Structures are given as C-alpha cells and as structure tokens.
Amino acid sequence: MSHVSPAELEAAIRNVPDFPQPGIQFKDITPVLSDPRLFRGAIDLLVAGFPAGSVDKIIGIDARGFIFAAAAAVQLGAGFIPVRKKGKLPWNTHEQSYDLEYGSATVAVHTDAVKPGERVLLLDDLLATGGTAAAAIELLNRLEANIIGAGFLIELEALEGRRRLTGVPIFSLVRY
Ligand code: AMP
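Numbers given for residues are sequential positions, taken from 1 along each chain in its written order. Predicted model: local features are reported for residues with pLDDT of at least 70 only, side-chain atom pairs are reported and counted for 80 or more only, and whole-chain, interface and lining totals are derived from all residues. Here the side-chain values reflect all heavy atoms present in the structure, with hydrogen atoms and water set aside.

Q: What am I meant to see in helix H3 (residues 36–47) here?
A: The α-helix winds at 3.6 residues per turn, so residues separated by three or four positions along the chain end up facing the same way. With 12 residues, H3 extends 17 Å from end C-alpha to end C-alpha; this agrees with the ideal 16 Å at 1.5 Å per step. On its buried face, H3 is in contact with helix H1 (6–12), helix H2 (30–34), helix H4 (64–76), strand S7 (119–127), strand S8 (146–155) and strand S9 (170–175). Looking at where H3 begins, the residue whose side-chain oxygen comes 2.9 Å from the main-chain nitrogen of Arg37 is Asp35. Per the convention used, a helix needs a DSSP run of H or I reaching at least four residues, while a strand needs a run of E reaching at least two, with both numbered from the N terminus. Here the expected span of a helix is defined as 1.5 Å times the quantity of residues minus one. We call two residues in contact whenever any of their non-hydrogen atoms come within 4.5 Å of each other. Counted as a polar contact is a pair of N or O atoms within 3.5 Å, where, for protein atoms, one must be capable of donating a hydrogen and the other of accepting one, and residues adjacent in sequence contribute only when both atoms are in side chains.

Next comes the structure, spelled out in structure tokens:
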C-alpha cells in the first residue's frame, strides 16, 4: 500500500474553468496519473473494499474510466471490460443512450463481455449527474451481471448522481 490520502488526491486534481464549454468546471485528473505514488494510491483506495478473488470483472467507462479500471483489474486479478462509446466495439453489442452534464451519448458493451452472475465492479473517474454510470449499469443488467459496486475517483455531490444508481453500492474518494 502506498498510503495516499483522499486529501492528497484532491490537492492534485486540477480545476479547469469553462472546459469543454462555459459553465463547466472540469476536474482534470492527469496530475494524479502522472505522479506514480498518487496513481498507485488512487488504485489502492478504489480496490480497498474488495479482496483479491472477490471480483470477476472490472468495468471501465470510455475513456478515463479505462485507466482506473484496467489498473484495478490487474491489481485484483480480475478481467477488464470496456464500456465504449457507440461504434467502437467490433463485435455484437448492447447499446444504451444517456444524457451527460454536457451533451448526450450512447454507450455499448459486447454481448459476451460478462456471463450471467459474474461479480462485476464498475469504475469511472467522475460521478456527475450519474447518467453515464446509469447507462453502464443498464447494460450490465442486460448481461445479468452481479454488480457488487460502482466506484469513482471524484463525486460532484450537488448533482446527486448517486440517486440515479439505486440498488448498487456507490463509493467515491474525493467529493465536491
Ligand atoms: P455524468 O454522466 O453526468 O455522471 O458524467 C460523468 C462522465 O462525464 C464521467 O465519465 C466524466 O469523465 C465526465 N464528466 C462530467 N462532468 C465532468 C467534470 N466536471 N469534469 C470532468 N469530467 C466530467
């Protein structure tokens, strides 16, 4: 364990006003990723509640979620599953549309990504309105996954995203 505190992560996260459009304060996680101790510590904190062997697949959401989910999957000895933006996955997919804090999008997952009953953990960089995570959870429900949790590096609490994710244990490291 690298013993990084959530406060250290918060101090490293860069607030970028008016990106990608006016009125949005973008939470830039690249300073966390570029610091080996903070990156390792963020992964340790994200998987802290999950002993090795307790998770079959870690689901990452396109694109920043991939970074955390892939590293966490290696750490826990789990598989990695990408939930991608529509049109990127080459095989048969399920698709789900959703609204973003800015804009709208459709996400997709391979129909054979998760077997019924497999224990899956969803990870993403940031929970805002919860639309993205809700769409991913809908896809996982169609695959009959056993969703044991959904974790986020950052949660924007005022947007109440977790209210859209009922029935799934939600956790986050840094809350604004
Ligand atoms: P939402 O669907 O509203 O919960 O939005 C979550 C997704 O949009 C995450 O995958 C984030 O990467 C991205 N996102 C939304 N708002 C922000 C923000 N203020 N800063 C950085 N990323 C954001």
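So, next bit.
Q: Even after reading the chapter, I still don't get the environment of Ala150, so can you show me in this structure?
A: Mapped onto the elements of the fold, Ala150 is located in strand S8. Sequence spacing of Ala150 and Leu122 is 28 residues, and the spatial spacing of their C-alpha atoms is 4.5 Å. When sequence neighbours within four positions are dropped, the list of residues in contact with Ala150 reads Leu121, Leu122, Val168, Pro169, Ile170 and Phe171.

Q: Any chance you could explain the nonpolar core here in plain terms?
A: Soluble globular proteins: nonpolar side chains tend toward being buried together. Counting 28 residues, the largest nonpolar core has Leu9, Val32, Val55, Ile58, Phe68, Leu123 and Leu153 as the members making the most contacts within it. Secondary-structure elements contributing two or more residues to this core are H1, H3, H4, S7, S8 and S9. Excluding residues that lie within four positions of it along the chain, Leu9 makes contacts with Val4, Val32, Leu38, Ala42, Leu45, Leu153, Leu173 and Val174. Residue types Ala, Val, Leu, Ile, Met, Phe, Trp, Tyr and Cys, when buried and joined through side-chain atoms within 4.5 Å, form a set referred to as a nonpolar core. Burial status follows relative accessibility: with a 1.4 Å probe on protein chains alone, a residue under 20% of its type maximum counts as buried, one over 50% as exposed, and anything between as partly exposed. Counting residues in hydrophobic clusters, the runner-up holds 26 residues, among them Ile59, Ala113, Ile137 and Phe152.

Q: I keep staring at the environment of Gln25 and nothing clicks. Help me out?
A: Looking at the element boundaries, Gln25 is found in strand S2 (residues 25–28). A sequence separation of 96 residues divides Gln25 from Leu121, and the C-alpha atoms of the two residues are 27 Å apart. Excluding anything up to four places from it in sequence, Gln25 contacts Asn15, Val16 and Pro17. Of the polar contacts made by the side chain of Gln25, one reaches the side chain of Lys27; its length is 2.7 Å.

Q: Hey, could you run me through the pattern of salt bridges in this one?
A: When charged atoms on two side chains of opposite charge get close, those side chains can pair. Salt bridges are identified by distance alone: a Lys or Arg side-chain nitrogen within 4 Å of an Asp or Glu carboxyl oxygen. By the definition in use, this model includes 11 salt bridges. A salt bridge links Glu155 to Arg162, with the nearest nitrogen and oxygen atoms 2.9 Å apart. For Arg163, the salt bridge is made with Glu160, and the minimal N-O distance between the two is 3.0 Å. Residue classification places Arg163 among the exposed residues on the basis of a relative accessible area of 61%. By relative accessible area, which is 43% here, Glu160 ends up partly exposed.

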